[in-house]
Amino acid sequence: MSISFTLNGAPRTVQVEPGKNVQTLLRELGFNSVRDSDDGWGFAGSDTILLDGVAVNATMLIVGQLEDREVVTAESLNVYGQLSAVQSALIDAGAVQSGYNDPAVALVLTDLLQRNPAADRAEVTDALSGIFLRESAYEQVFTAVEIAKERMVNPEHVADVNPEFNKVFDRDMRFVGKASRKVDATRTLKAEKAFVEDFVPADACHLKMLRSPHAHAYISKLDTSKAEAMPGVVAVLSYKNAPDVYYTPGGQTAPEPSPLDRRLFGQKMRHFGDRVAAVVAETPEIAEAALKLIEVEFEVLKPILDVDEAAAEGAPIVHKGLISYSAGAPDDLDEQNADVDPRDGRIHFNFPFGGEPRKNIAAKGHGSIGDIDKGFAEADVILERTYESKQAQQCPPEPHLCLTYMEGDRLVIRAATQVPWHVRRQIANIIGVKQNKVHVIKERLGGGFGSKQDILVEDVCSFATHLTGRTVYFRHTREEEFIATSSRHVAKMDIKLGARKDGTITAIEVDYRFNTGPYGNHALTVPSNAPALSLPLYRCENVKFEITTYYSNIVPTGAYQGYGGPKGNFAMQMILAEMAAELGIDHLDMIQKNRVHEGDELTLLGKVGEGKMPSKIPSASSCALEGILDRGAETLGWGTPKAEDPTKPHIKIGRGVATMKQKSGIADIDQANATVKLTSDGTLICHSGGADLGAGLDTVVTKLVGEVLLSELNDIHVISGDTDHCLFDKGAYASSGTCFSGNAAKLAAEDLRDQILKVAAERLGEPVEQVELVFPATVKGQTGTISFAEIAHFAESGTGCGMLQGKGCFTTPEFAFPYGANFVEVAVDTETGEVELLKFHALLDCGTPINPELALGQVYGASIRAIGHSLSECIKYDEEGRVVNANFADYGTPSLGDLPKDFRAELVASNDQIGPYGGKSVSEIGVNAAAPAIASAIHDACGVWIREWNITPEKVLRALGRL
Amino acid sequence: MINNYYRPETLADALALKKQHGDEAAWLAGGSRLNRGSFEHAATTLISLEKLGLKGIEVKDGSLEIGAMVTLQQLIESTETSEELKAVFAQIFNRNIRNQSTLGGEIAAANGRCEVMPGLIAAGAHVVLADDSVFSVEEYLQAEDKALILKVVVPANLKALKIRKITNSAAAEPILAAAVARKADDTWGIALSGVAEKPVRLRDAEALVGESQLAEGKIEQLQKVVSDSIKPVSDFRASAEYRSSVSGVVVVRLVDECAPISKSQ
Ligand SMILES: Cc1cc2nc3c(=O)[nH]c(=O)nc-3n(C[C@H](O)[C@H](O)[C@H](O)COP(=O)(O)OP(=O)(O)OC[C@H]3O[C@@H](n4cnc5c(N)ncnc54)[C@H](O)[C@@H]3O)c2cc1C
Ligand code: FES
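The model shown is predicted, which means the values in this text are computed figures rather than measured ones.

## Description of the overall build of chain B
For chain B, the count of helices and strands is 10 helices and 12 strands. Relative to a compact globule of 265 residues, whose C-alpha radius of gyration would be 18 Å, chain B shows 19 Å and is just as compact. Referenced to the eigenvectors of the C-alpha coordinate spread, the extents of chain B come out at roughly 65 × 45 × 30 Å. Among the 265 residues that make up chain B, the fraction classed as buried is 57%. Of all intrachain contacts in chain B linking residues separated by at least 6 positions in sequence, the fraction that spans at least 24 positions is 56%.

Structure (structure tokens):
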């Protein structure tokens with residue numbers, strides 16, 4: 001059928017089926033901005049277009065509906081070499097993170113401001129209400145609107161973004177601590193080819209997965225012959241033809257401290273949505289149709305859904321495969337292997353970390369300092385409580401996706417991954433080739449938040465290409481994101497706290513029970529971070545904890561921003577709040593009395609490793625908690641009268657607070673490398689191993705290189721995350737980006753600086769001590785100056801010293817801990833149980849914020865995700881272990897309508913010695929305190945303790961005894 | 001899979017096409033439900049209502065007459081729509097969806113958790129079908145056959161129309177949504193969604209409130225009548241018990257907003 005419409009002002013006629021999806025059509029026509037986050041469910045607005053002047057989701061339209069109508073996409077805003085007022089304002093305000101949904105934001109804001117140049121906050125909110133911004137949580141978009149309004153009148157308007165940064169962090173630095181445009185923002189905002197989906201060629205095969213309808217079952221019959229026979233089907237993959245290799249989906253440094261318990265396909269189904277078989281076909285439609293032809297029968301087993309069921313006597317066993325060890329096998333291994341069921345496959349431990357698969361235990365840990373009995377004996381009051389967390393999902397707007405193809409005998413993987421090197425290592429192992437035959441190219445990521453630290457699509461996509469020689473594209477649906485990717489571990493924590501009457505803590509004892517679900521990726525390290533990221537926030541000489549991680553049949557868990565932090569901190573902060581109430585001490589005073597101080601030795605942390613114990617006891621070498629708590633109390637109005645309305649006695653107002661911490665990479669385990677080379681005209685190219693997942697690492701690297709080499713940022717180009725071209729880097733996790741990858745780049749720049757100075761000194765005929773770098777890109781001696789361009793020209797000449805390149809490798813035995821706090825005010829409706837966030841103030845000490853405006857965006861984003869898991873987000877199951885709410889809306893993903901009324905992020909400086917120019921991590925930490933801050937505010941409001949995330953209206957009403 | 005797509009320009013053509021294709025054909029309005037990724041429907045033929053001119057909004061005989069193809073956002077932007085009615089449509093948080101969803105489609109979609117329906121039902125809205133027959137929105141929702149809606153008529157002379165929804169997050173379907181209307185003749189309309197397969201009208205509660213001005217002493221009785229009139233379901237959003245308890249609270253508050261409950265007793 002022939003359909004005519006106007007597209008970005010030009011007439012178009014297309015010959016297509018009228019039922020064809022408009023988003024698919026527009027992408028095929030090359031309009032990358034029309035992305036899709038939820039397969040046409042209408043939540044995310046990644047596919048926003050204007051249809052006859054109003055914003056709608058392209059995925060929810062069919063081409064027939066376009067007839068005679070006018071379509072405008074975000075590409076209409078693009079002028080080559082320029083940015084529009086709205087585009088530049090979004091970048092300047094720091095609102096662009098991954099950039100996946102930002103073209104849509106630019107489109108609706110431009111439309112709004114054209115209609116109404118004076119649009120107020122409510123109108124902006126309404127315009128943006130259909131667009132999901134998981135990363136930046138909207139707040140800076142409002143700043144961008146104000147900048148854009150000015151720029152529409154005066155295009156030269158210079159944005160004054162958060163000028164207080166410069167005051168606080170000005171340490172005589174040119175770039176660090178000062179706002180500058182995110183280096184990749186223009187590309188993503190203009191929807192140039194940037195994400196994996198933008199590189200899929202028209203002839204790529206599509207991979208679709210048949211998933212288990214049961215949470216726990218064996219495949220008793222699998223017949224793929226009809227699917228294989230279908231024209232257009234290239235291959236069907238299943239346990240019958242998959243390599244017999246076991247690995248962990250967790251992208252961690254080897255040897256991984258996670259059981260190697262997953263095969264590409266197994267005969268045992270361990271969760272709702274586990275892989276049964278995959279079809280690789282010429283088109284997505286053929287692949288879908290072929291999936292329906294696969295005949296499969298199951299022997300259904302009883303599912304385990306929580307840790308108590310997993311630990312129960314006679315519980316079904318999730319992993320009954322053959323157990324083996326690389327080193328340190330337990331003496332009773334033969335006994336453990338007595339009841340192997342071959343259908344369960346195998347399970348391998350690189351080294352022992354407490355796993356006992358026949359007890360459904362994936363990992364165990366423990367640690368203690370002091371004398372716990374003595375500590376409790378000294379206490380006047382002892383409280384014992386159980387706290388629980390539920391299962392939250394990262395919800396990156398871009399789902400997991402991967403494109404693989406062969407180049408000669410080499411496999412190329414275009415991936416949206418946080419860990420390119422771990423992907424290369426693992427894929428080479430799975431498909432059985434050497435690592436030089438695998439090339440991983442990390443493209444821009446449309447959000448990761450930890451979920452893209454796990455290898456969940458690259459494995460099967462690579463195998464499909466390696467098996468067939470074909471280009472293969474595998475993209476998760478949003479439902480698959482919910483049922484078949486890594487989510488947040490679920491925890492149950494028994495905690496006991498002893499304190500003297502004056503509030504001094506004397507002893508803390510915790511039993512952490514974690515639910516890792518079907519596979520044990522991060523089964524040791526996530527739970528180990530529960531104590532590590534919470535207990536050292538308070539001074540206490542007698543501490544003891546135990547960790548047990550259980551297998552179960554919930555959908556997979558893994559890495560999610562904050563790691564074990566949000567869970568552990570919920571228990572620690574809540575029991576402290578409960579103790580304060582018990583002792584009649586103000587909650588903030590209780591925190592102040594016991595909190596960690598700068599310089600404190602963190603003895604307990606000497607006892608918690610991530611597969612390996614730290615070589616020295618860490619200390620809180622920089623910590624701005626004092627300033628944070630003072631500032632938070634001031635902005636929230638702690639202790640001031642509450643504005644309760646006497647005509648609404650059912651609305652109670654309460655305030656709460658919680659502190660938080662994180663680390664900045666893992667000492668003695670992680671490593672990052674980088675090189676910086678001087679190009680022929682004196683500009684710089686940095687190859688960084690670091691994987692920018694949208695949070696701004698490439699910008700950090702650019703600024704650090706610029707700072708060291710005193711060069712214009714525009715003269716520095718960063719290439720990152722490409723395993724052929726860059727040097728090894730552990731990847732983007734454990735909050736290591738700025739500290740590790742940043743420091744590696746800084747070291748490389750310093751190495752190059754030394755070389756430049758040496759050559760310059762020779763050329764100037766002066767001793768090297770006498771010459772120095774001056775801005776821009778020049779060496780100054782006492783007799784004259786020489787530019788980088790002149791130095792490069794000499795170096796590359798026939799009599800030169802050779803091209804100059806600096807190399808940096810960063811490892812450290814030290815930790816750099818960021819600290820922070822959330823201050824919260826809530827209104828609780830005691831008749832309905834609804835909780836309204838009146839104020840949410842997040843304060844954070846990230847040392848020196850390298851990109852202050854992007855740092856704020858990290859804090860806002862982390863806060864809204866944490867508000868999500870605290871209040872509305874939760875994966876829900878039926879009794880059979882099937883997920884019943886596998887879409888954004890039903891799952892409870894916060895959108896613009898869920899923002900706190902008064903939402904603030906602030907940075908408080910500290911002086912750190914480990915990170916580059918004192919920069920500590922900023923992103924992950926922000927999720928660790930929302931739940932206890934909100935729960936303690938609810939208690940302050942209406943006197944009930946809610947000891948379980950997520951806090952729904954129903955749970956509040958129940959706690960109030962009204963149900 | 002859509003095999004046929006039509007854009008008839010007259011009602012007669014539209015009805016003829018529907019007759020020709022029977023159950024294999026569906027009316028296409030905004031398409032926000034029909035084209036939705038998850039929504040599997042049997043239709044292989046779509047008949048667009050686009051060209052039928054069902055796009056008017058006008059006040060006539062004390063009522064607001066709304067063409068079936070008017071979108072929820074157009075209603076919010078129209079000067080003819082009362083502020084209270086605008087608030088009903090604005091409950092759908094997502095503007096992109098409001099731009100696409102038509103009022104006819106919204107009603108015909110017959111979603112039991114729809115937060116717009118209680119407002120329409122409480123207000124006493126009617127639909128006018130292709131054969132000129134008129135049904136209350138509530139009757140239409142109950143009917144098996146979702147006949148073609150041409151227009152929706154909402155009384156415009158209400159004394160008050162108040163709404164409230166309870167939800168886990170702004171863009172989620174509500175746990176429950178309620179609306180209470182006080183009509184020109186001082187009769188009442190009370191409706192809820194989220195508590196049953198279809199939105200429900202609470203006639204017993206309407207009668208109780210209508211007997212006389214509600215006094216404080218009757219609050220508990222009203223809450224009980226509300227709870228008794230619904231048989232809420234439990235789902236992942238909330239338990240039946242919660243819905244039952246909170247429905248009463250919400251309805252009482254809305255009644256109070258429409259006509260302050262006498263606190264003198
Ligand atoms: C992300 C998202 C969020 C949503 N949020 C909400 C919400 O918060 N609250 C809420 O109440 N709803 C919500 N909806 C539902 C939405 O409002 C409906 O999808 C919409 O109202 C349907 O209108 P439409 O014009 O797009 O209908 P279509 O999709 O075109 O049609 C819907 C159905 O009605 C039939 N139909 C359409 N017009 C007529 C007519 N004139 N006569 C007879 N039958 C007709 C169609 O054949 C079809 O069966 C949401 C939907 C999405 C996708
Ligand atoms: S309908 Fe496309 S992102 Fe939601």
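Moving on, there is more to tell.
## Side note on the site of ligand 1
Residues in close proximity to ligand 1 total 31 residues, the closest being Trp27(B), Ser32(B), Thr102(B), Glu106(B) and Glu115(B). Ligand 1 is flanked by residues contributed from chains A and B. Between ligand 1 and Gly31(B) there is a distance of 2.8 Å, counted from an oxygen atom to a backbone nitrogen or oxygen. One of the side-chain N or O atoms of Thr102(B) is found 2.6 Å from an oxygen atom in ligand 1. When ligand 1 sits alone it has 970 Å² of accessible area, and the protein chains cover 91% of it. Only strand 2 (25-28), helix 4 (95-100) and helix 5 (103-109) of chain B provide two or more residues apiece to the shell around ligand 1. With five residues, helix 5 of chain B is the largest single contributor of residues to the shell around ligand 1. Classifying every residue of the shell around ligand 1 gives 18 nonpolar, nine polar and four charged.

## Comments concerning the UniProt feature "domain: Aldehyde oxidase/xanthine dehydrogenase a/b hammerhead" (unreviewed entry) in chain A
As recorded in UniProt, the sites labelled "domain: Aldehyde oxidase/xanthine dehydrogenase a/b hammerhead" (unreviewed entry) are residues 190-302 of chain A. Secondary structure within residues 190-302 of chain A divides into 12% helix and 31% strand; the distance between the first and last C-alpha atoms comes to 50 Å.

## With respect to the environment of Val96(A)
All names here are of chain A. Considering the arrangement of structural elements, one finds Val96 in the loop between helix 2 (85-92) and helix 3 (102-115). A relative accessible area of 2% places Val96 in the buried class. Considering only alpha carbons, one finds Val96 and Thr186, 90 residues apart in sequence, at a separation of 9.1 Å.

## With respect to the interface of chain A and chain B
When the parts of a complex come together, some accessible area is lost, and that lost area is often used as the size of the interface. Counting residues at the interface gives 52 residues for chain A and 44 residues for chain B. Where chain A abuts chain B, roughly 3800 Å² becomes buried across the two surfaces, and 50% of that area is made up of carbon and sulfur atoms. There are 10 salt bridges connecting chain A and chain B. Taken together, the connections running from chain A to chain B amount to 26 residue pairs in polar contact (both at pLDDT 80 or more). Breaking the side of chain A that touches chain B down by element, the ones donating at least two residues are strand 4 (54-57), helix 4 (121-128), helix 24 (888-891) and helix 26 (953-959) of chain A.

## Here we look at the pattern of salt bridges
Going through the model one piece at a time under the given rule, you end up with 91 salt bridges over all chains. Between Glu378(A) and Lys374(A) there is a salt bridge, with the nearest N and O atoms lying 3.7 Å from each other. The class for Glu378(A) is partly exposed, based on a relative accessible area of 31%. With its nearest N and O atoms 3.3 Å apart, the salt bridge here joins Asp890(A) to Arg237(B). Of the two residues, Asp890(A) sits in helix 24 while Arg237(B) sits in the loop between helix 9 (219-229) and helix 10 (240-258), which places them in two different chains. Relative accessible area serves as the criterion here: at 8%, Arg237(B) is assigned to the buried category. Connected through salt bridges with shared partners, the residues Asp890(A), Arg113(B), Glu173(B), Asp235(B), Arg237(B) and Arg243(B) form a single ionic network.

## Description of the side chain of His439(A)
All names here are of chain A. Topologically, His439 is positioned in strand 18 (residues 438-442). Of note is the side chain of His439, whose polar atom sits 3.2 Å from the side chain of Asp724. Apart from residues no more than four positions distant in its own chain, His439 is found in contact with Arg410, Leu411, Val412, Ile413, Asp722, Thr723, Asp724 and His725.

## Concerning the sheet that holds strand 8 (residues 149-155) of chain B
Residues and elements named next belong to chain B. Strand order in this open sheet of five strands is 4-5-8-6-7, and the pairing throughout is antiparallel. Whereas interior strands pair on both sides, the edge strands pair on one side only; in this sheet they are strand 4 (57-60) and strand 7 (134-136). For this sheet the average axis-to-axis angle between neighbouring strands, irrespective of direction, equals 25°. By the bridge criterion, four bridges tie strand 6 (residues 126-129) to strand 8 in an arrangement that is antiparallel. Note on strand 8: the bridge partner recorded for Leu129 is Ile149.

## Remarks on the nonpolar core
Residues and elements named next belong to chain A. By size, the foremost hydrophobic cluster in this structure holds 163 residues, and its most contacted members are Leu90, Ile508 and Phe823. A total of 10 residues in this core trace back to one element, the largest contributor, which is helix 17 (residues 565-583). When sequence neighbours within four positions are dropped, the list of residues in contact with Leu90 reads Ala95, Val96, Asp102, Val105, Ala106, Leu109, Val141, Ala144 and Leu189. Formed by 54 residues, the second largest nonpolar core is a distinct cluster that contains Ile294, Ala415, Val423 and Phe474.

## Some points on the packing of helix 4 of chain A against helix 5 (residues 139-153) of chain A
A packed helix pair is summarised by two numbers, namely the angle formed by the two axes and the spacing between the axes. Residues and elements named next belong to chain A. It is at 11 Å that the axes of helix 4 and helix 5 come closest, and there the two elements cross at 120°. When the axis of helix 4 is compared with that of helix 5, the two are oblique. In the crossing of helix 4 with helix 5, the sense of the turn from one axis to the other is right-handed. Contact with helix 4, carried on its side by Arg121, Val124, Thr125 and Leu128, involves Glu139, Val141, Phe142 and Val145 of helix 5 and no other residues of that element.

## Things to note about helix 22 (residues 788-795) of chain A
All names here are of chain A. Along helix 22, the residues classified as buried are Phe788, Ile791, Ala792, Phe794 and Ala795. One side of helix 22 carries all its buried residues, which in axial view fall inside an arc of 165°. Among the structural elements, strand 24 (672-678), helix 20 (697-709), helix 21 (737-764), strand 27 (772-774), strand 28 (778-780) and strand 29 (785-787) are those in contact with the buried residues of helix 22.

## Observations regarding helix 16 (residues 525-532) of chain A
Within helix 16 of chain A, eight of the eight residues are buried, which leaves it mostly tucked inside the rest of the structure. Turning to helix 16 of chain A, its buried residues are Thr525(A), Val526(A), Pro527(A), Ser528(A), Asn529(A), Ala530(A), Pro531(A) and Ala532(A).

## Looking at the packing of aromatic side chains
A complete count under the given rule lists 19 aromatic pairs over all chains for this structure. Each ring, one from Tyr100(A) and one from Phe195(A), has its centre 5.2 Å from the other, and the planes form 85°; the classification is edge-to-face. Of this pair, Tyr100(A) sits in the loop between helix 2 and helix 3 while Phe195(A) sits in the loop between helix 7 (185-189) and strand 6 (205-211), and the two are 95 residues apart along the sequence. Note on accessibility: Tyr100(A) and Phe195(A) belong to one class, buried. Measuring from ring centre to ring centre gives 5.4 Å for Phe815(A) and Phe817(A), while their planes differ by 5°; the resulting arrangement is stacked. Each member of the pair, Phe815(A) together with Phe817(A), is buried. The structure contains a cluster of three or more aromatic residues connected by ring pairs, namely Phe43(A), Phe132(A), Phe482(A), Phe888(A) and Tyr891(A). Here the basic side chain of Arg343(A) rests over the ring of Tyr218(A), its NZ or CZ set 3.7 Å away from the ring centre. The aromatic ring of Tyr140(B) is capped on one face by Lys146(B), whose charged end is 5.4 Å from the ring centroid.

Conventions used here
- Sequence positions are assigned chain by chain, starting from 1 and proceeding in written order.
- For this description, chains carry letters from A and ligands carry numbers from 1, given in the order in which they are written.
- Local features are withheld for residues below a pLDDT of 70 in this predicted model, meaning they are given only at 70 or higher, and side-chain atom pairs are given and counted only at 80 or more; totals for whole chains, interfaces and linings count all residues.
- Only hydrogens and water are set aside when side-chain values are computed; all heavy atoms of the structure are taken into account.
- Strands here are runs of E lasting at least two residues and helices are runs of H or I lasting at least four, both read from the DSSP assignment and numbered beginning at the N terminus.
- Computation of the radius of gyration draws on C-alpha atoms alone. For the globule rule, the value is 2.2 Å times the number of residues to the power 0.38.
- For each residue, the accessible area found with a 1.4 Å probe, counting protein chains only, is set against the maximum for its type, and the residue is called buried under 20%, exposed over 50%, and partly exposed in between.
- The contact criterion used is simple: two residues touch if any of their non-hydrogen atoms lie within 4.5 Å.
- Throughout, the term near means that a residue has one or more heavy atoms lying within 4 Å of the molecule or strand in question.
- Here a polar contact means two N or O atoms within 3.5 Å. Within protein one must be a hydrogen donor candidate and the other an acceptor candidate, and residues neighboring in sequence count only if both atoms are side-chain atoms.
- Note on areas: Shrake-Rupley with a 1.4 Å probe; residue coverage comes only from the protein chains shown.
- Each residue is assigned to one of three groups, with Ala, Val, Leu, Ile, Met, Phe, Trp, Tyr, Cys and Pro labelled nonpolar, Asp, Glu, Lys and Arg labelled charged, and all others, Gly among them, labelled polar.
- UniProt positions are given in the numbering used here, feature names are shortened, and annotations may be inferred rather than shown by experiment.
- When two parts are brought into contact, each loses some accessible area as probed by a 1.4 Å sphere; the total of that loss over both is the buried area.
- Each reported salt bridge corresponds to a side-chain nitrogen of Lys or Arg within 4 Å of a carboxyl oxygen of Asp or Glu.
- Here, strands pair whenever DSSP counts at least two bridges between them.
- What counts as an axis is a line fitted to C-alpha atoms, over the stretch in contact for a helix, and the angles between N-to-C directions run from 0 to 180 degrees.
- The term nonpolar core refers to a set of buried residues drawn from Ala, Val, Leu, Ile, Met, Phe, Trp, Tyr and Cys, joined through side-chain atoms within 4.5 Å.
- Just so you know how the angles are binned, under 35 degrees is roughly parallel, over 145 roughly antiparallel, 65 to 115 roughly perpendicular, and the rest oblique.
- The sense of a crossing depends on the near helix, which, turned anticlockwise from the far helix by less than a right angle, makes the crossing left-handed and, turned clockwise, makes it right-handed.
- Throughout, the arc means the angular range of directions from the helix axis out to the C-beta atoms.
- Two aromatic rings from Phe, Tyr or Trp, using only the six-membered ring of Trp, form a pair when their centres are within 6.5 Å; if the ring planes differ by under 30 degrees the pair is stacked, by over 60 it is edge-to-face, and anything between is tilted.
- Put simply, a charge is over a ring when the Lys NZ or the Arg CZ is close to the ring centre, within 6 Å, and near the line of the ring normal, within 35 degrees.

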